[in-house]
Amino acid sequence: MYDCIIIGAGIAGSVAARKLAEEKGRKVLILERRKHVGGNCYDERDAYGVLVHTYGPHIFHTNREEVFAYLSRFTDWYRFGHEVVARVGERLLPVPFNLNTLHQVYEADKADRLERILIATYGEGSRVPIMKLRENEDPDIREIAQYVYENVFLRYTMKQWGQTPEEISPEVTGRVPVVISYDNRYFGDRYQGVPRDGFTPMFERMLDHENITVQCGVDCSSRMRFEGDAVYCDGKRFTGDVIYTGALDELFDCRFGRLPYRSLDFRFEHLDEDSFQGHSVVNYTVSEDFTRITEFKFLTGQRDANGTTIVREYPFAYTGAEGEIPYYAILNEENEALYQRYRALTEGMERFHLLGRLAEYKYYNIDAMAEKAMQLAEQL
Ligand code: FAD
Ligand code: UDP
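Anyway, here's the lowdown on the structure attached to this text. Residue positions are given per chain, counting from 1 as you read along its sequence in written order. Lettering for chains starts from A, numbering for ligands starts from 1, and both go in the order in which the items are written. Local features in this predicted model are restricted to residues whose pLDDT is 70 or higher, and side-chain atom pairs enter the listing and the counts only when it is 80 or higher, whereas totals over whole chains, interfaces and linings include all residues. Neither water nor hydrogens contribute to the side-chain values; these are computed over all heavy atoms in the structure.

**Description of the pattern of salt bridges**
Link 1 in the chain: The salt bridge criterion pairs a side-chain nitrogen of Lys or Arg with a carboxyl oxygen of Asp or Glu, the two atoms within 4 Å. Counted by the stated rule, this structure contains 25 salt bridges.
Link 2 in the chain: The partner of Asp 234 in a salt bridge is Arg 223, and the shortest N-O contact between them spans 2.5 Å. Placement of Asp 234 in the loop between β14 (230-233) and β15 (236-237) and of Arg 223 in the loop between β12 (212-216) and β13 (224-227) is noted, with a sequence separation of 11 residues between them.
Link 3 in the chain: By relative accessible area, which is 45% here, Asp 234 ends up partly exposed.
Link 4 in the chain: Whether a residue is buried, partly exposed or exposed follows from its accessible area with a 1.4 Å probe, protein chains only, as a fraction of its type maximum: under 20%, in between, or over 50%, in that order. Residue classification places Arg 223 among the partly exposed positions, given a relative accessible area of 21%.
Link 5 in the chain: Put simply, Arg 267 and Asp 265 hold a salt bridge, and the shortest N to O gap is 3.0 Å.
Link 6 in the chain: Among the residues examined, Arg 267 registers a relative accessible area of 43% and is labelled partly exposed.
Link 7 in the chain: Where salt bridges share partners, they join Arg 18, Glu 22 and Arg 73 into one cluster. Put simply, DSSP marks the helices as runs of H or I at least four residues long and the strands as runs of E at least two long, and each gets a number from the N terminus on.

**As for the site of ligand 1**
Link 1 in the chain: In the vicinity of ligand 1, 31 residues are found, and the nearest of them are Glu 32, His 58, Ile 59, Tyr 364 and Ile 366.
Link 2 in the chain: In the model, an oxygen atom of ligand 1 is placed 3.3 Å from a nitrogen or oxygen of the Arg 34 side chain.
Link 3 in the chain: Polar contact is defined as a pair of N or O atoms within 3.5 Å, subject to the rule that within protein one atom must be able to donate a hydrogen and the other to accept it, and that residues adjacent in sequence are counted only when both atoms are side-chain atoms. Separating a nitrogen atom of ligand 1 from a backbone N or O atom of Cys 220 is a distance of 3.0 Å.
Link 4 in the chain: Of all elements in the fold, only α1 (11-23), β2 (28-32) and α12 (366-379) reach the threshold of two or more residues within the shell around ligand 1. Here a residue counts as near a molecule or strand whenever at least one of its heavy atoms sits within 4 Å of it.

**A closer look at helix α6 (residues 139-161)**
Link 1 in the chain: At Tyr 149, α6 shows its strongest bend, of approximately 40 degrees.
Link 2 in the chain: Two or three places before Asp 140, at the opening of α6, Asp 138 has a side-chain oxygen 2.8 Å from that residue's backbone nitrogen.
Link 3 in the chain: Positive phi appears at Gly 162, one or two residues downstream of α6, with a value of about 70 degrees. Axes are fitted to the seven residues ending at a residue and to the seven starting at it; the angle between these axes is taken as the bend at that residue.

**Overview of the nonpolar core**
Link 1 in the chain: Of all hydrophobic cores here, the largest spans 122 residues; its most connected members are Ile 11, Val 15, Leu 71, Met 202 and Met 224.
Link 2 in the chain: The dominant element in this core, judged by the number of residues it contributes, is α6, at nine residues.
Link 3 in the chain: Nonpolar cores were defined as sets of buried Ala, Val, Leu, Ile, Met, Phe, Trp, Tyr and Cys residues, with membership established by side-chain atoms within 4.5 Å. One finds Leu 271, Tyr 284, Ile 293 and Ile 310 within the second-largest nonpolar core, a separate group that totals eight residues.

**What about the site of ligand 2?**
Link 1 in the chain: Residues in contact with ligand 2 amount to 17 residues; listed here are only the nearest, Trp 161, Arg 175, Tyr 186, Tyr 328 and Tyr 363.
Link 2 in the chain: In this structure, an oxygen atom belonging to ligand 2 sits 2.8 Å away from a side-chain N or O atom of Trp 161.
Link 3 in the chain: Residue Tyr 363 places a side-chain N or O atom 2.6 Å away from an oxygen atom belonging to ligand 2.
Link 4 in the chain: Using a 1.4 Å probe, accessible areas were evaluated by the Shrake-Rupley method; residue-level cover was limited to the displayed protein chains. Burial of ligand 2 by the protein chains amounts to 94% of its free accessible area of 520 Å².
Link 5 in the chain: Elements that contribute at least two residues to the shell around ligand 2 include exactly α6 and α7 (170-173).

**Thoughts on the sheet that holds strand β17 (residues 261-271)**
Link 1 in the chain: Sheet architecture is open: seven strands sit in the order β8-β7-β18-β19-β20-β17-β21, paired in mixed fashion. Each edge of the open sheet is held by one strand with a lone partner, namely β8 (91-95) and β21 (328-329).
Link 2 in the chain: When DSSP finds at least two bridges between two strands, those strands are taken to pair. Where strand β19 (residues 292-295) and strand β20 (residues 308-317) come together, three bridges link them in antiparallel fashion. Looking across to β20, one finds that Thr 294 is bridged to Val 311.
Link 3 in the chain: Note on definitions: a residue-residue contact is assigned when non-hydrogen atoms from the two residues lie within 4.5 Å. Each axis is a line fitted through C-alpha atoms, and for a helix only the stretch in contact is used; angles between axes span 0 to 180 degrees, taken between their N-to-C directions. Its contacts with the sheet place α6 against β7 (84-88), β8, β17, β18 (281-284), β19, β20 and β21, and it is angled at close to 100 degrees to β17.

Laid out in structure tokens, this is it:
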């Protein structure tokens, strides 16, 4: 019946499905354990009619022309330059730390001098990871680095990862560099925004193809068996392509121990007021137990809702308990080695492909994931 089975209807599974169905004429079955498509990009209206991102704020951003063009087939965009501020005491500071932030933190003469030094050292427009900035021995740069480290990174990272910025992979803090310009945007990418009517309709349109069957509320373990190098679906040997976008350890009953992940507890609150914080995202970088508050109407541009809905994010260590979701792979050598042990179990499985943030144990953004899915479909 099917040429291809895809496990997971997130961006990875959905883009791969559409490409295979449309361009390769494959009959694709998608099994998705959640009740809906979209994976972590899923959005929906809450009980008050406010469009919320159920699994945390998602902003699409990319410089990848091909990815932008492809997704644009399934949605129009509400485009904006996403901005974030950090609550530091009474102040709201632009993040990433940039020249606007510098001038907010230091008095005018000093800020001017520090700006000249930063530009002379790194060049105007450059983006310097905090861990790189900290290596500089110039006393003025050290002072800035120390300020940014203490007021932007240290406590936020402790909350998010349970570890200091030194202990986690530099790739992670490097996502939010110090920016030597007056650009307050969180991302430097050319295209940024959210699908105009939400992510979920974009996914629904992408998956609406005669060669695609989506079954939600189905965990693949209830339908598929992986025995040695063979794959079975509903008890029968399946010899087509299988694209797996779930967590790799789960596929093998976590036999070598669980792959470590960070999870998040999203606590939503609806307020009967026009605006709570006047910003889409406020990062709490020096206080509170949560990392950030998102106020959705400023992210989605929604105007037809009464009141406002916000969400606070409380990070914790994923244990695999019922209902917990593994959101972030914890990138380090030990975990990568464990991941590779699991991966080795799939090596003899011809036509079995690992794709996605979970399956590849990587920190991918939506656009990178979409691109990898396009490449895999092309290769098949
Ligand atoms: P997922 O979206 O996780 O999809 C995997 C799907 O597989 C899930 O729906 C899951 O239910 C299903 N599945 C797993 N196991 C099974 C199984 N056994 N049987 C059946 N189905 C299964 N990226 C950005 O570009 N911009 C952002 O602003 C952004 N914000 C983020 C905020 C948060 C809080 C998080 C956690 C991530 C954010 N990301 C953002 C990253 C983005 O969510 C990912 O890049 C993207 O969702 C990865 O897609 P995916 O398909 O690999 O995984
Ligand atoms: N980070 C931080 N303070 C901030 C923003 C980011 O310490 O105000 C660090 C933190 O370790 C975080 C990482 O940089 O996990 C990456 O941030 P990003 O916003 O990319 O995280 P995501 O949106 O993927 O959760």
